Amino acid sequence: MTRPYTIALAGNPNAGKTSVFNALTGARQHVGNYPGVTVEYKEGSALHEGKKVAVVDLPGTYSLTAYSPEELVSRNYLIGQRPDVVVDVVDASNLERNLYLAVQLMELGVPLVICLNMMDVAKTRGLRIDAAKLSQLLGVPVVPTVARQNQGMDDLLAAAVQVAQSAPEWRPLNISYGSDVDQGVAELADILQGAQERRGLLSARWLAVKCLEGDQEVMDRVRETPELADKLLPVCRRVAAHIKSTMDDDPDSIVADYRYGYITGITRQVVSSEREVRMDLSDKLDQVLTHRLMGPLFLFLVLYGIYNFVFWASEVPVVWFEHFFAWLGGVVESALPPGVLSSLIVSGVIGGVGGVLGFTPLIAFMFFAIAVMEDSGYMARVAYIMDRVLRIFGLHGNSVMALMVAGGISGGCAVPGVMATRTLKDPKARLATILTVPFMNCGAKLPVYSLLIAAFFAHFQAEMLFLLTLISWGLGLGAAKLLRVTVLKGEQTPFVMELPPYRAPTIKGLVIHTWERTWQYAKKAGTMILGVSVLMWAAMSFPGLGPEQDAAWQKRLAAAPGQTAGLELKAERARQELAGTLAGQAGQALTAVTAPLGFDWRANVALVGGFAAKEIIVSTLGVAYSLGEVDPEHSQSLSKRLAAEPGWNPLKAFALILFVMVYAPCLATVVMIRRETGTWRWAMFSVAYNTLIAYLLALVVYQGGKALGLG
Amino acid sequence: MTDAITLRQLQPGQRATIKKVGTSGELGRRMREMGLLPGTEIQVLGRAPLKDPVEIKLRGYNLTLRNNEADLITVEIGE
């Protein structure tokens, strides 16, 4: 058995690389994360004449300079792993800019095949491209394709395998960068050629060019050998000074100029414009969709539509999931003798994991809606429209989607919200967005709100919910700003972004995108969440009632005069049991801290439980107020009980609402923050930051309200 | 003689040629990668609802950048 050939797919974002990957590999693909960075990594296999070919999807990049994590990952993969062949996916309708990466790949010397994708789009724009001529001029195979319609995929695979089979040497392309730079490059290459340390099989000339370009990573490596650095750096400085004085420019911009010069020379010969297309459909759409007044209105309608779609579409499947887990719990309950083991599996494992997995359909539809926005090209417009506003708060135009998904329109979920921040390239803005996401009103907070609103603000239900949405946005943006001027201080990174043309998404692409993300979400519920939900279960079950107390309760229950009295006694027993557990004790211990906010121990236990998942707050309050388990969706009885309870009033309820809105993100979110930031530090920070703000906020509201005589 | 104006000063619909990209480092590199080089023809397509960022067309595709980034690009208006 010989090792299968490895094809690496490279290309600009929006060049249709994903479509090519999907068309080549179909269902034979899986997603991973590059270690240490949050760049996604996809691998799959294609079949060529019955033989497997490994396909690695490199992150989409515009260039190979070590600038963003994506570019670094791509370059290091090419240099370190040396795939048998690299397929560069090029957007035929945007040839000039796309060839910039191709030229860099050729300069590196990798065995290359160019996939001239989106030939159909080029045609509708009135462009005719001579692929044979392009291939001849560049000296690499060029295969015209329309990946979305599966056209040319066999030819592409055949061309790639043929290149791989011939096992070519790496042959770097040497472009002239003008006499000044060329001389410097030659001088540096001479030094590097003679140097002991040849980095892998990279050409001395390539390294020399990188030195002149001031490539961070190459320079760092050069500095590791001081003798080499002592010879190289003076030359670099001299060339740079010379270029500055004669042309008022930097070596790296001269290099880029000449690369583009080379490209323009080629495109002039291969691209001919059949007719002048003054403004294509995409630009016309932009005139409306990013219009001053129409743009924001349309955006609002889209978001409103998504919100309605997601809830409408997921309503039924969510109930199926709930029924399934309830049924599963019932089966286990009847199969096992009552006791700790049964309780562990039913309440701890099935209840905890089920609570998170039960949301899966909702999240799948949310991901589907996001995939539609991304694949259609509208997402980039959302960033474009919103950038100016979000910049005020130190966020980025792309932050808006994460915030919306997380519950910017009440009812989202912070977990996919955190995942949605992946579209942000600026690490600090991304982190600020991740830490802002938990402020939004996710679907799990809504039952708590509706319980308290029904009890204390029954006449203003809709107004209150709207007010809470405004408050959560205000607090979230304010919290982001606070982070950006303190722990996440730093220059804002550039907003130089491509606005891809509008395209109709393909069903296949949507399904794959939705599936990938949903699967990641479900996998997480099975692992981390399981462990912590068992811990939470233990905290809310142990130590429980002692044998004597238990016996006393059995006696009282047996003596209960009727069914209603029996039920009341049972609820009373549950309340006492909860009070005795670790969570109950924690709740009582916390009263010293939460008394200034007006919370009693029962609210505290509920809040402790709410750390696992916010829905638990309602059911725990039910137990704590001796009502037994309360279904979060049907909490009228608890509502009435709270309204009548002495010590509860609208002010206290409002302080509690605000606290629930802001305090520690739920477990699933914390785990997701850990995963997306790569460190527990930020996950813990998020818990502390939110809880602190929640505490101060509730304190100010409650004490302020009391001082004003509202309590 | 043509007045040196910046990309920010262009009106929607106006076409111009880039004379100079007055920045280096990371932002300069990013701009070059996206094809913003001296000699490149650009056209302003429009601005976002709050007048910032700006959307331009160059080399047959659409690019957006913030006004303070557009300030760094000197252009010359064609005929």
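Looking at an unreviewed UniProt entry, one finds chain B named Iron transporter FeoA, with Desulfoferula mesophila as its source organism.

Chain A goes by Ferrous iron transport protein B in an unreviewed UniProt entry, where it is assigned to Desulfoferula mesophila. Taken verbatim from the UniProt record of chain A, the Subcellular location (unreviewed entry) comment is "Cell inner membrane".

A.B. asks: Please explain the UniProt feature "domain: Ferrous iron transporter FeoA-like" (unreviewed entry) in chain B as it appears in this structure.
C.D. replies: The positions that UniProt labels "domain: Ferrous iron transporter FeoA-like" (unreviewed entry) are, in the present scheme, residues 5-77 of chain B. For residues 5-77 of chain B, the end-to-end C-alpha separation is 8 Å, with 18% helix and 42% strand making up the annotated structure.

A.B. asks: Explanation requested: the domain arrangement of chain A in the structure shown.
C.D. replies: In terms of domains, chain A is made up of domain 1 (6-165), domain 2 (179-276) and domain 3 (278-544 + 580-711). Each of domain 2 of chain A and domain 3 of chain A has a C-alpha centre, and the two are 50 Å apart.

A.B. asks: I would appreciate a short explanation of the interface of chain A and chain B in the present structure.
C.D. replies: It is common to give the size of an interface as the accessible area that goes away when the parts come together. The partner chain B presents 36 residues to the 46 residues of chain A that form the contact. A combined buried area of about 3600 Å² lies between chain A and chain B, and 51% of that area is made up of carbon and sulfur atoms. In terms of surface lost to chain B, no three residues of chain A exceed Tyr-67, Tyr-384 and Val-496 of chain A, which account for 20% of the buried area on that side. There are seven salt bridges connecting chain A and chain B. As a salt-bridge pair, Asp-52 of chain B and Arg-391 of chain A come within 2.6 Å of each other at their nearest N and O atoms. Contributions of two or more residues to the side of chain A that touches chain B are made by α3 (95-108), α11 (251-270), α12 (281-289), α16 (378-392) and β10 (497-498) of chain A. Here the side of chain A that touches chain B is composed, by residue class, of 15 nonpolar, 13 polar and 18 charged.

A.B. asks: Just checking my understanding: could you explain the side chain of Asn-94 of chain A for this structure?
C.D. replies: With respect to the secondary-structure elements, Asn-94 of chain A resides in the loop between β5 (85-91) and α3. When sequence neighbours within four positions are dropped, the list of residues in contact with Asn-94 of chain A reads Glu-498 of chain A together with Arg-59 and Tyr-61 of chain B.

A.B. asks: Could you clarify how one ought to interpret the packing of helix α13 (residues 294-335) of chain A against helix α15 (residues 360-376) of chain A in this entry?
C.D. replies: Packed helices, taken two at a time, are described by the angle their axes make and the gap between the axes. All names here are of chain A. At a minimum axis separation of 7 Å, α13 and α15 run at an interaxial angle of 150 degrees. Considered as vectors, α13 and α15 are oriented roughly antiparallel to each other. The hand of the α13/α15 crossing is right-handed. Within the contact between the two elements, α13 uses Val-302, Ile-306, Phe-309, Val-310, Phe-311, Ala-313, Ser-314, Pro-317, Val-318 and Phe-321 and α15 uses Thr-360, Pro-361, Leu-362, Phe-365, Met-366, Phe-368, Ala-369 and Met-373. Grouping the amino acids of the contact of α13 with α15 by side-chain chemistry returns 16 nonpolar, two polar and no charged.

A.B. asks: Explanation requested: helix α32 (residues 667-677) of chain A in the structure shown.
C.D. replies: Every α-helical turn comprises 3.6 residues, leaving residues that sit three or four positions apart pointing alike. Residues and elements named next belong to chain A. When you tally the buried positions in α32, you get nine out of eleven residues, the bulk of the element. What α32 keeps buried is the set Leu-667, Ala-668, Thr-669, Val-670, Val-671, Met-672, Ile-673, Glu-676 and Thr-677. Directly after α32, the chain includes Gly-678, whose backbone phi takes a positive value near 80 degrees.

A.B. asks: Would you explain the environment of Ala-624 of chain A in this entry?
C.D. replies: All names here are of chain A. With respect to the helices and strands, the residue Ala-624 is situated in helix α29 (residues 616-624). Taking relative accessible area as the criterion, Ala-624 reaches 0% and is therefore assigned buried. Beyond its immediate chain neighbours, meaning those up to four positions away, Ala-624 contacts Arg-575, Leu-578 and Arg-602.

A.B. asks: So what exactly am I meant to see when it comes to the sheet that holds strand β5 (residues 61-65) of chain B here?
C.D. replies: Backbone hydrogen bonds are what pair the strands of a sheet, in a parallel or an antiparallel way. The strand order across the open sheet built from seven strands is β10(A)-β5(B)-β4(B)-β3(B)-β2(B)-β6(B)-β1(B), with neighbouring strands paired in antiparallel fashion. Among the strands making up the open sheet, the edge pair consists of β10 of chain A together with β1 (5-6) of chain B. Pairing analysis gives two bridges linking β10 of chain A to β5 of chain B, with the strands arranged antiparallel. Residue pairing in the sheet places Glu-498 of chain A in a bridge with Leu-63 of chain B of β5 of chain B.

A.B. asks: Please clarify how empty space enclosed by the protein should be interpreted in this entry.
C.D. replies: Remark: the empty space left among the atoms is shown by a probe the size of a water molecule rolled over them. All names here are of chain A. Counting across every chain of the model gives seven cavities of 30 Å³ or more. Taken as a whole, the largest cavity spans an internal volume of roughly 240 Å³. Looking at the largest cavity, it is lined by 24 residues, and the ones nearest its centre are Cys-413, Cys-442, Ala-444, Cys-666 and Thr-669. Looking at the lining of the largest cavity, the elements with two or more residues in it are α14 (340-357), α18 (414-420) and α32. When its volume is computed, the second largest cavity comes out at roughly 110 Å³. Along the wall of the second largest cavity there are 13 residues; nearest its centre are Ile-306, Tyr-307, Met-366, Met-404 and Ile-409. Listed by contribution, the elements that provide at least two residues to the lining of the second largest cavity are α13 and α17 (399-408).

A.B. asks: Can you walk me through the pattern of salt bridges in this structure?
C.D. replies: Side-chain pairs of opposite charge can arise whenever the charged atoms involved come near each other. In the structure shown here, the tally under the stated rule is 31 salt bridges over all chains. Here the salt bridges do not stand alone but share partners, grouping Asp-387, Arg-388 and Arg-391 of chain A together with Asp-52 and Arg-66 of chain B into one network.

A.B. asks: I tried to follow unusual backbone geometry on my own but got confused; where do I start?
C.D. replies: A cis amide bond links Asp-52 of chain B with the next residue in sequence, Pro-53 of chain B, at an omega value of 0 degrees. Secondary-structure assignment places Pro-53 of chain B in the loop between β3 (41-47) and β4 (54-58). The residue Asn-150 of chain A is not glycine, and still its phi comes out positive at about 65 degrees. Tracing the chain through its elements places Asn-150 of chain A in the loop between β8 (142-144) and α6 (153-165).

A.B. asks: What is the right way to look at the nonpolar core in this model?
C.D. replies: A general tendency of soluble globular proteins is for nonpolar side chains to be buried together. Residue and element names in this part refer to chain A. In this structure, Leu-452 and Phe-599 are the most contacted members of the largest nonpolar core, which totals 105 residues. Residues within four places of Phe-599 in sequence aside, it is in contact with Thr-594, Asn-604, Leu-607, Lys-652, Ala-655, Leu-656, Phe-659 and Ala-698. Of all hydrophobic cores here, the second largest spans 67 residues; its members include Ala-131, Leu-138, Val-142 and Cys-236.

A.B. asks: Just to check I follow, could you spell out helix α1 (residues 17-25) of chain A for this structure?
C.D. replies: Residues and elements named next belong to chain A. Burial of α1 is extensive: seven of the nine residues sit out of reach of the surface. Taken together, the buried positions of α1 are occupied by Lys-17, Val-20, Phe-21, Asn-22, Ala-23, Leu-24 and Thr-25. Downstream of α1 by a residue or two, Gly-26 has a phi angle that is positive, lying close to 55 degrees.

A.B. asks: Hey, could you run me through the packing of aromatic side chains in this one?
C.D. replies: Ring pairs (aromatic) are described by centroid distance and by the angle formed between their planes. Residue and element names in this part refer to chain A. Summed over the entire model, instances satisfying the criterion amount to 14 aromatic pairs over all chains. Between Phe-456 and Trp-648 the ring centres are 6.0 Å apart and the planes differ by 15 degrees, which places this aromatic pair in the stacked class. With Phe-456 in helix α20 (residues 446-456) and Trp-648 in the loop between α30 (636-644) and α31 (650-662), this pair connects stretches of sequence that are 192 residues apart. Residue classification places Trp-648 among the buried positions, given a relative accessible area of 7%. One aromatic cluster in this structure is built from Phe-309, Trp-312, Phe-365 and Phe-368. Stacked on the ring of Tyr-502, the Lys or Arg Arg-381 has its end atom at 4.2 Å from the ring centre.

A.B. asks: How should I be thinking about the pairing of β3 of chain B in this particular structure?
C.D. replies: Side-chain direction in a regular strand flips from residue to residue, so the side chains alternate between the two faces of the sheet. All names here are of chain B. Across the seven residues of β3, six count as buried, placing the element largely inside the fold. Where strand β2 (residues 15-21) lies against β3, three bridges are found, and the strand directions are antiparallel. Within the sheet, the bridge partner assigned to Thr-17 lies in β3 and is Glu-41. Sheet analysis places β3 next to β4, joined by five bridges and oriented antiparallel. Paired with Gly-46 across the bridge in β4 is Glu-55.

Each value, and the rule that gives it
- Residues numbered from 1 in each chain as written.
- Chains lettered and ligands numbered in written order.
- Predicted model: local features only at pLDDT ≥ 70, side-chain atom pairs only at ≥ 80, totals over all residues.
- Heavy atoms only, no water.
- UniProt positions renumbered as here; feature names shortened; annotations may be inferred.
- Helix = DSSP H or I, 4+ residues; strand = E, 2+ residues; numbered from the N terminus.
- Domains from an automatic or database assignment.
- Contact = heavy atoms within 4.5 Å.
- Buried area = accessible area lost by both parts, 1.4 Å probe.
- Salt bridge = Lys/Arg side-chain N within 4 Å of Asp/Glu carboxyl O.
- Nonpolar A, V, L, I, M, F, W, Y, C, P; charged D, E, K, R; others polar.
- Axes fitted to C-alpha atoms, helices over the stretch in contact; angles between N-to-C directions.
- Parallel < 35°, antiparallel > 145°, perpendicular 65-115°, else oblique.
- Left-handed = near helix turned anticlockwise from the far one by under 90°.
- Buried < 20%, exposed > 50% of the residue type's maximum accessible area, 1.4 Å probe, protein only.
- Pairing = 2+ DSSP bridges.
- 1 Å grid on protein atoms, 1.4 Å probe; cavity = no way out; pocket = protein on both sides within 12 Å on 5 of 7 lines; lining within 4 Å.
- Points joined across faces, edges and corners; volume = space filled by probe spheres on them.
- Core = buried A, V, L, I, M, F, W, Y, C linked by side-chain atoms within 4.5 Å.
- Phe/Tyr/Trp six-rings, centres within 6.5 Å; stacked < 30°, edge-to-face > 60°.
- Lys NZ or Arg CZ within 6 Å of the ring centre and 35° of its normal.

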